[in-house]
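Coordinate analysis (summary)
These are the residues of each chain, in order.
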Amino acid sequence: MKRIGVLTSGGDAPGMNAAIRAVVRQGIALNMEVYGIQRGYEGLLDGDIEKMESYSVGDILQRGGTMLRTARSKRFLEDKWIDHAAKMLETFGIEGLVVIGGEGSFKGGNELSKRGVKVMGVPGTIDNDLGYTDYSIGFDTAVNTILGLITNIRDTSSSHERSTIIEVMGRNCGDLALYAGLAGGADVIMIPEVDMDIKEVCRRVLRGQRSGKAHSLILKAEGVQMDAAELAKVLEEMTSREARTVVPGYIQRGGSPTEADRRLASQTAAKAVQLLYDDTPSRAIGVQEGQIISVELAKAIEMKREFRRDIYELAEILA
Ligand code: F6P
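Residues numbered from 1 in each chain as written. Predicted model: local features only at pLDDT ≥ 70, side-chain atom pairs only at ≥ 80, totals over all residues. Heavy atoms only, no water.

**Brief notes about the domain arrangement of the chain**
Worth spelling out the cut-off: An automatic or database domain assignment is the source of the domain bounds shown. The criterion used for residue contact is that any of the two residues' heavy atoms lie within 4.5 Å. Here the buried area means the combined drop in accessible surface, using a 1.4 Å probe, for two parts upon being joined, counting both sides.
According to the domain assignment, the chain contains domain 1 (3-138 + 257-302) and domain 2 (141-253). Put simply, the middle of domain 1 and the middle of domain 2, counted by C-alpha atoms, are 34 Å apart. The interface is formed by 13 residues belonging to domain 1 together with 12 residues belonging to domain 2. Overall, the association of domain 1 and domain 2 removes approximately 1,100 Å² of surface from exposure, summing both partners, and the carbon and sulfur fraction of that is 46%.

Right under this line is the structure:
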C-alpha cells in the first residue's frame, strides 16, 4: 500500500493528536504517503484532504483536541454519501484509511470497508465505551481531570459539610464515573450499568453521615436518567445537609494528554499503519491486558463492553 489517509471523528479526545502524529511518522517511515482528512467524514465527503509531512505533526504531541478537527457527520449515515466517500478516496488514490474515534466512527469505517477500503480503527473516546479494548485514547486524561476536580471540590464540600453531586460524561458507559469514583473516594457512584433509585442514594448518604462523615461526594454519570438538581433537592429534604451540583461538561474533554494516553495513541496508531502496510483487511486496534491487539473491525463494533463490577464493588467497600 502506497497511500493512506487519516481522520478523527466524533467527540475529540486528548491523545488524538499523538495518534495522528504516529500515523504520519510511521507511514513515512514505511515509505508511504499520508493524507490528512479534515473534520472527519465531513471533510472526506467534501474532498478536504491534504498530504502531510513529518513536520506537519510537529509540536502536537502534548496538545488536547485534534489538529485535523472533528465532526459528527449526519450525511455519512446515508448510503449515497458513503458511496460518494469511497469514490473520493479512489479519486485521491487512497487505499487505506485510519479512523480515530469511537463506536459511531467505527461504524462509518465499516461501511467504507464493505465498499473495498481497508479501514483501521484507532480507539479515541473519553467515554471508554468500546467493547473490544480495555482502554481508549483520552479516557485516562479525562479521569485524571475529573480527579483534580474532585480534589478541589472536597475542600469546599467538607468545609461546608455539604453533599456534592458531580455529573460527569458517559452516555452508555459509566467508566469515567466508576474509575474516578474509586480513585477519588466517592461515597456514591451512579452509573448506567447499575440501577439505583433516589431513595437508595439518600440511604447511602445518611449511612455515611451517621458513621461520622463530614460531607458526601456523589459521582453521577450523565447517562443515568436522574436529574442532578432534582437529586440535590431530595437529598436536602432527606438529610439535614445542603446539597450542591457540579457539571464540569467539556472541561473533561480537553487538556494535555497523560503519558498513558500518549503511549496508547502512539502504539495503536503505529500498529494501524503497519497493518495497512501489510495489506491486512479492516481491523480495530486496542489494548487488552497491557498488550496491543487487533480485532476484525466488523466484530469489534458488535462487542459489548464488559462492566467492571469488581471495581464498582471495591469502591463501595472503600467508600
Ligand atoms: O465524546 C463522548 C462524549 O463526551 C459524551 O460523553 C457526551 O455525551 C458527548 O460526547 C457530547 O458530545 P457533543 O456535545 O460534542 O456532541
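On we go from here.
**Considerations on the side chain of Ser157**
Keep this limit in mind: The helix and strand labels rest on DSSP assignments: H or I over at least four residues marks a helix, E over at least two residues marks a strand, and numbering proceeds from the N terminus. Classification of residues uses two cut-offs on accessible area relative to the type maximum, computed with a 1.4 Å probe and protein chains only: under 20% is buried, over 50% is exposed, and between them is partly exposed.
With respect to the secondary-structure elements, Ser157 resides in helix H5 (residues 139-159). The class of Ser157 is buried, set by a relative accessible area of 1%. Ignoring sequence-local partners within four residues, the contact set of Ser157 consists of Arg162, Thr164, His215, Ser216 and Leu217.

**Some points on the environment of Met1**
With respect to the helices, strands and loops of the structure, Met1 is situated in the segment before strand S1 (3-8). Met1 gets classed as buried once you look at its relative accessible area, which sits at 15%. In this structure the C-alpha to C-alpha distance between Met1 and Ala19, which are 18 residues apart in sequence, comes to 20 Å. In this structure, Met1 is in contact with Met32, Glu95, Gly96, Lys118, Leu276, Tyr277 and Asp279, ignoring residues within four places of it in sequence.

**Focus: the sheet that holds strand S5 (residues 118-123)**
Strand pairing within a sheet occurs via backbone hydrogen bonds; the two strands may be parallel or antiparallel. Selection criterion: A pair of strands counts as paired when DSSP detects no fewer than two bridges linking them. Whenever a helix is involved, its axis is fitted only over the stretch in contact; in every case the axis is a line through C-alpha atoms, and angles between N-to-C directions fall within 0 to 180 degrees.
Taking strand neighbours across the sheet as the criterion, the 7 strands line up as S3-S2-S1-S4-S5-S10-S11 in an open arrangement whose pairing is mixed. With partners counted over all chains shown, the strands left at the sheet margins are strand S3 (49-52) and strand S11 (291-296), one partner each. Ignoring which end each strand starts from, the neighbouring axes of this sheet average 30° apart. In the sheet, strand S2 (residues 33-37) pairs with S3 via 4 bridges, with the strands oriented antiparallel. Directly across from Ile37, in S3, lies its bridge partner Ile49.

**Describing the sheet that holds strand S6 (residues 163-168)**
The strand order S7-S8-S6-S9 describes an open sheet built from 4 strands, whose pairing is parallel. Sheet topology places strand S7 (188-190) and strand S9 (243-246) at the edges, where each strand pairs with a single neighbour. For this sheet, the mean inter-axis angle between neighbouring strands, taken without regard to orientation, is 15°. Alignment of S7 against strand S8 (residues 216-221), held across 3 bridges, turns out to be parallel. Bridged to Met190 within S8 is Lys220. Each of S6, S8 and S9 is contacted by H5, which is oriented at about 145° to S8, the strand it contacts most.

**Section: the pattern of salt bridges**
Our working rule: One speaks of a salt bridge when a side-chain nitrogen belonging to Lys or Arg is within 4 Å of a carboxyl oxygen belonging to Asp or Glu.
Evaluation of the coordinates by the stated rule reveals 25 salt bridges. Here Arg115 and Asp79 are joined by a salt bridge, their closest N and O atoms 3.4 Å apart. Of this pair, Arg115 sits in the loop between helix H4 (103-114) and S5 while Asp79 is found in helix H3 (residues 79-91), placing the two residues 36 residues apart along the sequence. For Asp310, the salt bridge goes to Arg308, with nearest N and O atoms at 2.9 Å. Taken together, the shared-partner salt bridges connect Arg39, Glu42, Asp46, Asp48 and Arg75 into one network.

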